[in-house]
Amino acid sequence: MAEVQFRFRDDEPVADPAVTVDSFAAQSNAAAVRLEPGDDAALLIPHLERLRLVEVAFPVWTDGRGYSSARTLREAGYTGELRAVGDVLIDQLGQMRRCGFDSFAPEHELDADDAAASFARWDNVYQATGDGRKPIWALRHPA
Amino acid sequence: MKIVTASDLRTGAVVWWTGSDWSLHVEDAADAGDHADAIIAREQGAQKVCDGQVIEGTRDENGVRPAHIKDRIRALGPTVRPDLTLKPADPDAGNWVI
Amino acid sequence: MYQYDKYDQAMVDARVDEFRDQVARRLAGDITEDQFKPLRLKNGLYLQLHAYMLRVAVPYGTLSGSQMRLLGDIADKYDRGYGHFTTRQNIQYNWIKLEDAPDILADLASVEMHAIQTSGNCIRNISSDQYAGAAADELVDPRPYAELLRQWSSFHPEFLALPRKFKIAVIASETDRAAMLLHDIGIRIVRNDAGEIGAAFYVGGGMGRTPMIAPLIRDFVPLDQLITYAEACLRVYNRHGRRDNKYKARIKILVHEMGKAEYTRQVEAEFAHLLSQDIEPPLAELARIKAQFADPAYETGLADEIDLADPAFARWVASNTHAHKAPGYAIAVVSLKPVGGIPGDASADQIRLMADLARDYSFDELRVTHAQNIVYPHVRKADLFTLWQTLDAAGLATANLDQIGDIIACPGLDYCSLANARSIPVAQKISERFAANGKAEDIGELKLKISGCINACGHHHAGHIGILGVDRKGTENYQLLLGGSEGADCSLGTITGPGFGEDGIVDAVEKATDVYLARRESGERFLDTYRRIGMQPFKEAIYAKESVDG
């Protein structure tokens, strides 16, 4: 299992292994689940209270379904750990963060300096994505 | 003959493996035989070229001729801009492509 | 036109830094070509048949004279002295070096230009009506909405790894001058019965292997929900678009396979949810953008008549100018289709000349059309003659707009590694044939479009006459299609029958136009006659066995 290389949370990492979406429904005490690209993140919405870790798999980074899964969970109110796992590369880190990911377990270890630069690349953003950053249109028109 | 061709990584120029180096000119292409894949892997790994391919061609007294029209255009340049090709002064260059 | 504020400028500057860093890491071998390729595509940099090709964005086809001037300078400084204007209102350079690309992007950023998302599986340049802000028939100028969508789509983190490319067009008139129905999303700004302005969304159009006309998904989205609705459309696509087969990955396939009703249902559900997420910019932002598209300071009391004594000038006025909403003004179209020329190409000197003429005659503004021509949107009628003379001296005044010589052609096998056949030589031969036979003006409106492969970048499905280049056992071969149309009367061309060689296709086109000339009824264009009499008469003429003498 790939190690978490970057984590933007203060709480203790969840030690439970992440179960599949199918198993999760059957196990009332599971607190960690893994979403594959084709899984429907909305299936988890009734269970957000007991979820502490959601891993979203990126078997290949060009399959961007995980971005929508992440936003769907955050929009539903999920505040637990949202971890990008697999083909997680330097140049996608910033956008993953914007979609709500707060931990990253890349298949192959990434250069820490390159990663820091990627996370910090954009001072401002054009869109509201629920990551707490004020989009440029909000800065232009302060309420 | 099995010709190895690629694009120079930095410049994008079309290049042909001569047996020991890369040339801009298809006439310099060597028959890479069974070594083609290894050559491509090595040269790409050294960040010299990208998009390495093995193509079919023939060599006769007129020179090297790639088998497919796309590769012949690639070897020459755009037929509609002879001035931008590798043979701007050759009026028959466009016919060679067909 | 839109001017960057400090935020917009910072975004393009950061993008230049990001790409410079990515190129450095690529050249050092820190990332592989497989990892790098999608990154360079998101900055418009393709590896093409002869070199790297850079596609620079011209947002909704609008640019200033100083931007145009820099595009000419880039052609000289980094390329081989020319550029190519594309069927999506962009410009391409064919001889770029990777090691120069970050500097080129930095030069572009200095005039508020970029190559962001002009390729790759993301939302591409948003196109619009080339007569926006000038034509009398528009409801409003569509470009502020296109600019709002441009900012929303730029670096949108959820939509940077879509199943495939995504193209959006925005118009605001009943006449569709942007081929809106052949886009992944086509938006028409409309007014409802209550007099409110909103947007009609058409989703699932496109060309390529399986051309489709976009169905109407929602007839009215209020302006203060425009971005939210677009986001819902994209999210459903991102989640459900096919990723198993590159040739079935566009949204048109999803809408077709899911069915319009189900796609609409899912979008509406996502839309209803997203309305609670505060992702819509306030109307003040749209107002801020709109203020930058205010009318230029038109003079009043201008002469409305044009002195048409010079017959060549008169021909150009008749074909290449269009009515303007302001009295005393006209819209003028520069043809990049000289007889026997390369459609859409312009030399660096021509590009700089066009920039100067924009400054002198068109409030410093130009447009790129999806038919690969250039438009001066606001020209005083009194200036048309001088403008025409200057254009004519530079080979830019061919009087052929929308005629058979105004050919749309992709770069084809001369430049493109995806192509199966050359398209430009066919365009040149047809252009020369019809200049020689003198029939072009009599034929009148005939939109001829040529693609060098099934990817259809030449939009051949939407040509009144369309030509598709194919590879027939290593030899270039050309299929003929008739009856396509890109406008509000959108239709897809029908293939006539067996294909032709390069000379045969030119003959076939002439035979088709001869059928039209023989059979047309009063007021009919080629397209109208075809629609009335059908394929059969054309087929008979095109494939008739030649009589052999002796």
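Just so it is clear, the structure is predicted and the values come from calculations on it, not from any experiment.

**Some details on the confidence of the model for chain C**
For step 1, the next point in the chain: Mean pLDDT over chain C: 97, with 99% of residues reaching 70 or higher.
For step 2, the next point in the chain: As a predicted assembly, this complex carries a pTM of 0.96 together with an ipTM value of 0.98.

**Side note on the sheet that holds strand β1 (residues 2–8) of chain B**
In a beta sheet, neighbouring strands are held together by backbone hydrogen bonds and run either parallel or antiparallel to one another.
Residues and elements named next belong to chain B.
For step 1, the next point in the chain: Read from one edge of the open sheet, five strands run β3-β2-β1-β4-β5, paired in antiparallel fashion. Of all strands in the sheet, those with a lone pairing partner are β3 (22–23) and β5 (63–66), marking the two edges.
For step 2, the next point in the chain: Bridge count for strand β4 (residues 49–60) against β5 is four bridges, and the pairing is antiparallel. Within β5, the residue paired with D60 across the bridge is G63.

**Observations concerning the domain arrangement of chain C**
All names here are of chain C.
For step 1, the next point in the chain: Taken domain by domain, chain C comprises domain 1 (6–109), domain 2 (134–290), domain 3 (311–393) and domain 4 (408–543).
For step 2, the next point in the chain: Taking the mean C-alpha position of each, domain 3 and domain 4 sit 26 Å from one another.
For step 3, the next point in the chain: Counting residues at the interface gives seven residues for domain 3 and eight residues for domain 4.
For step 4, the next point in the chain: For the side of domain 3 that touches domain 4, the per-class residue count stands at four nonpolar, two polar and one charged.

**Some thoughts on the packing of helix α1 (residues 6–27) of chain C against helix α4 (residues 101–109) of chain C**
All names here are of chain C.
For step 1, the next point in the chain: One way to put it is that α1 packs onto α4 with a least axis distance of 9 Å and a crossing angle of 175°. Considering the angle they form, α1 stands roughly antiparallel to α4. On the side of α1, the interface is formed by V12, D13, V16, F19, R20 and V23, while α4 contributes A101, P102, L105, A106 and A109.
For step 2, the next point in the chain: Tallied by class, residues from the contact of α1 with α4 come to nine nonpolar, no polar and two charged.

**Focus: the pairing of strand β7 (residues 168–171) of chain C**
Residue and element names in this part refer to chain C.
For step 1, the next point in the chain: Neither face of β7 is exposed, since I168 and V170 on one face and A169 and I171 on the opposite face are all buried.
For step 2, the next point in the chain: Pairing between strand β6 (residues 127–128) and β7: two bridges, direction parallel. Within the sheet, the bridge partner assigned to S128 lies in β7 and is V170.
For step 3, the next point in the chain: Running through helix α5 (residues 143–153), the crossover from β6 to the neighbouring parallel element β7 is left-handed.
For step 4, the next point in the chain: Pairing of β7 with strand β8 (residues 185–191) involves four bridges; the strand directions are parallel. The residue of β8 that forms the bridge with A169 is G186.

**Thoughts on the interface of chain B and chain C**
Size of an interface: often given as the accessible area lost when the parts come together.
For step 1, the next point in the chain: Contacts between chain B and chain C engage 21 residues on the former and 22 residues on the latter.
For step 2, the next point in the chain: Sorting the residues of the side of chain B that touches chain C by element identifies β4 and α2 (69–76) of chain B as the ones contributing at least two each.
For step 3, the next point in the chain: By residue class, the composition of the side of chain B that touches chain C is nine nonpolar, eight polar and four charged.

**Some points on the packing of helix α3 (residues 65–78) of chain C against helix α11 (residues 348–361) of chain C**
All names here are of chain C.
For step 1, the next point in the chain: The geometry of α3 relative to α11 is characterised by a closest axis approach of 8 Å and an angle of 170° between their N-to-C directions. On the basis of the axis angle, α3 is roughly antiparallel to α11. When α3 is examined against α11, the residues G65, M68, R69, L71, G72, A75 and D76 are found in contact with a partner set consisting of A348, I351, R352, M354, A355, D356, A358 and R359.
For step 2, the next point in the chain: Its residues assigned to classes, the contact of α3 with α11 shows eight nonpolar, two polar and five charged.

**Re the interface of chain A and chain C**
For step 1, the next point in the chain: On the chain C side, the residues contacting the 29 residues of chain A number 32 residues.
For step 2, the next point in the chain: The set of elements that each furnish at least two residues to the side of chain A that touches chain C consists of α2 (65–75), α3 (93–98) and α5 (136–140) of chain A.
For step 3, the next point in the chain: With five residues, the top contributor of residues to the side of chain A that touches chain C is α2 of chain A.
For step 4, the next point in the chain: Taken together, the residues of the side of chain A that touches chain C sort by class into 11 nonpolar, nine polar and nine charged.

**Some thoughts on the sheet that holds strand β16 (residues 408–409) of chain C**
Residues and elements named next belong to chain C.
For step 1, the next point in the chain: Strand order in this open sheet of five strands is β16-β17-β18-β19-β20, and the pairing throughout is mixed. Two strands in the sheet have a free side with no partner beyond their single neighbour: β16 and β20 (494–495).
For step 2, the next point in the chain: Sheet topology places β16 next to strand β17 (residues 448–451); two bridges connect them, and they run parallel. Note on β17: the bridge partner recorded for I408 is K449.
For step 3, the next point in the chain: Docked against the sheet, helix α15 (residues 502–519) engages β18 (465–472) and β19 (475–482), running at close to 15° with respect to β19.

**Notes on helix α16 (residues 526–533) of chain C**
All names here are of chain C.
For step 1, the next point in the chain: Within α16, the full set of buried residues consists of F526, L527 and Y530. For α16, the angular spread of buried residues about the axis comes to 95°, placing them on one side.
For step 2, the next point in the chain: If you follow the buried residues of α16, they end up packed against α14 (440–443), β19, α15 and α17 (536–543).
For step 3, the next point in the chain: Of the residues trailing α16, G534 is marked for its positive phi of about 85°.

The rules behind these values
- Residues numbered from 1 in each chain as written.
- Chains lettered and ligands numbered in written order.
- Predicted model: local features only at pLDDT ≥ 70, side-chain atom pairs only at ≥ 80, totals over all residues.
- pLDDT = per-residue confidence, 0-100.
- Pairing = 2+ DSSP bridges.
- Helix = DSSP H or I, 4+ residues; strand = E, 2+ residues; numbered from the N terminus.
- Domains from an automatic or database assignment.
- Contact = placed C-beta atoms within 7 Å.
- Nonpolar A, V, L, I, M, F, W, Y, C, P; charged D, E, K, R; others polar.
- Axes fitted to C-alpha atoms, helices over the stretch in contact; angles between N-to-C directions.
- Parallel < 35°, antiparallel > 145°, perpendicular 65-115°, else oblique.
- Buried ≥ 20, exposed ≤ 12 C-beta atoms within 10 Å, placed from the backbone.
- Right-handed = clockwise from strand over helix to strand, strands pointing away.
- Arc of directions from axis to C-beta.

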